[in-house]
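Spelled out, the chains give:
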Amino acid sequence: MFTLSIRSFYAVLLMAVLALTGCQTAPQKGLTPAQVAVLKQQGFELTDEGWEFGLSGKVLFGSDVESLNQPSTEIVERIGKALLGVGIERVRVDGHTDASGKETYNQQLSLRRAKSVANVLGTVGMKQENIQLQGLGSKEPVASNDTAAGRTENRRVSIVVSAD
């Protein structure tokens, strides 16, 4: 009889432990449906890198210019507020240039462009330590550098939100 009650005790204990572990919520991985909806609403597109704003709604720069113009600043402010509004607090900002000039200079210019976008994101409340910067120079053109229109398209910054 003593053996039976020890077995019963262990069975009840095991069931209690299993029930309690079932109550623990695993941390959420990935983006919520509400976050994805806001990304789509803001013009982000899903890419291999994550959700990217830049191909459909470009933040463009003049030739050899690193600062944002007023319309682009307003776009970045709107995006930053929308991301923070749904709890997206980490982004990567990729700066790009056209192929004019030396690659070393273009890489530095593209990083300064990314920094100018990060500064605007900071003004709406995103913490600078949550913004990763990349200066990609002219390595990833979205248009031909053989035309003025193509070069204009390539002078851009992309804001990327990781999909996980």
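- Under an unreviewed UniProt entry, the name given to the protein is OmpA family protein, and the source organism is Pseudomonas tensinigenes.
- Looking at the Subcellular location (unreviewed entry) heading of the UniProt record, one finds this comment for the protein: "Cell outer membrane".

## Describing the overall build of the protein
- The number of helices and strands found in the protein is five helices and six strands.
- Mapped from its N terminus to its C terminus, the protein presents α and β elements in the order α-α-β-β-β-α-β-α-β-α-β.
- A buried classification covers 36% of the 164 residues belonging to the protein.
- When contacts within the protein are restricted to residue pairs at least 6 apart in sequence, those whose partners lie at least 24 apart make up 71%.
- If you sum the accessible surface of the protein, you get close to 9600 Å²; carbon and sulfur atoms cover 57% of it.

## Observations regarding helix H3 (residues 70-85)
- Its 16 residues place the ends of H3 22 Å apart at the C-alpha level, agreeing with the 22 Å of an ideal helix rising 1.5 Å per residue.
- All of the buried residues in H3 are Ser72, Thr73, Val76, Ile79, Gly80, Ala82 and Leu83.
- Tucked into the core, H3 has its buried residues touching helix H2 (33-41), strand S2 (50-53), strand S3 (59-60), strand S4 (91-95), helix H4 (103-123) and strand S6 (156-161).
- The backbone nitrogen of Ser72 has a side-chain oxygen 2.8 Å away, supplied by the residue at the start of H3, namely Asn69.

## Side note on unusual backbone geometry
- Even without being a glycine, Asp64 presents a positive backbone phi close to 60°.
- The topology assignment puts Asp64 in the loop between S3 and H3.
- Taking the relative accessible area as the measure of exposure, Asp64 reaches 47% and is therefore partly exposed.

## Overview of the packing of H3 against H4
- One can describe the packing of H3 onto H4 by two numbers: an axis separation of 9 Å at closest approach and a directional angle of 50°. Put simply, H3 runs oblique to H4. Between H3 and H4 the crossing geometry is right-handed. Contacts from Thr73, Val76, Glu77 and Gly80 of H3 reach H4 at Val117, Val120, Leu121 and Thr123.

## Observations regarding the pairing of S2
- Of the pairings in the sheet, the one linking strand S1 (residues 45-47) to S2 comprises three bridges and is antiparallel in character. Among the inter-strand pairings, Thr47 is bridged to a residue of S2, identified as Gly50.
- The hairpin formed by S1 and S2 contains two residues between the paired strands.
- Here three bridges tie S2 to S6, and the two strands are oriented antiparallel to one another. Directly across from Glu52, in S6, lies its bridge partner Val160.

## Focus: the pairing of S6
- By the criterion of burial, S6 is predominantly enclosed, with six of the six residues buried.
- Burial of S6 is two-sided: the residues Arg156, Ser158 and Val160 facing one way and the residues Val157, Ile159 and Val161 facing the other way are all buried.
- Across two bridges, S3 lies against S6 in antiparallel orientation. Counterpart to Val59 in the pairing with S6 is Val157.
- Pairing of S4 with S6, which is carried by four bridges, proceeds in the antiparallel orientation. Residue Val93 lies in a different strand from S6, and its bridge partner there is Ile159.

What counts and what doesn't
- Residues numbered from 1 in each chain as written.
- Predicted model: local features only at pLDDT ≥ 70, side-chain atom pairs only at ≥ 80, totals over all residues.
- Heavy atoms only, no water.
- UniProt positions renumbered as here; feature names shortened; annotations may be inferred.
- Helix = DSSP H or I, 4+ residues; strand = E, 2+ residues; numbered from the N terminus.
- Buried < 20%, exposed > 50% of the residue type's maximum accessible area, 1.4 Å probe, protein only.
- Contact = heavy atoms within 4.5 Å.
- Areas by Shrake-Rupley, 256 points an atom, 1.4 Å probe, with all protein chains shown as cover.
- Expected span 1.5 Å × (residues − 1).
- Polar contact = N/O pair within 3.5 Å; in protein donor to acceptor, adjacent residues only side chain to side chain.
- Axes fitted to C-alpha atoms, helices over the stretch in contact; angles between N-to-C directions.
- Parallel < 35°, antiparallel > 145°, perpendicular 65-115°, else oblique.
- Left-handed = near helix turned anticlockwise from the far one by under 90°.
- Pairing = 2+ DSSP bridges.

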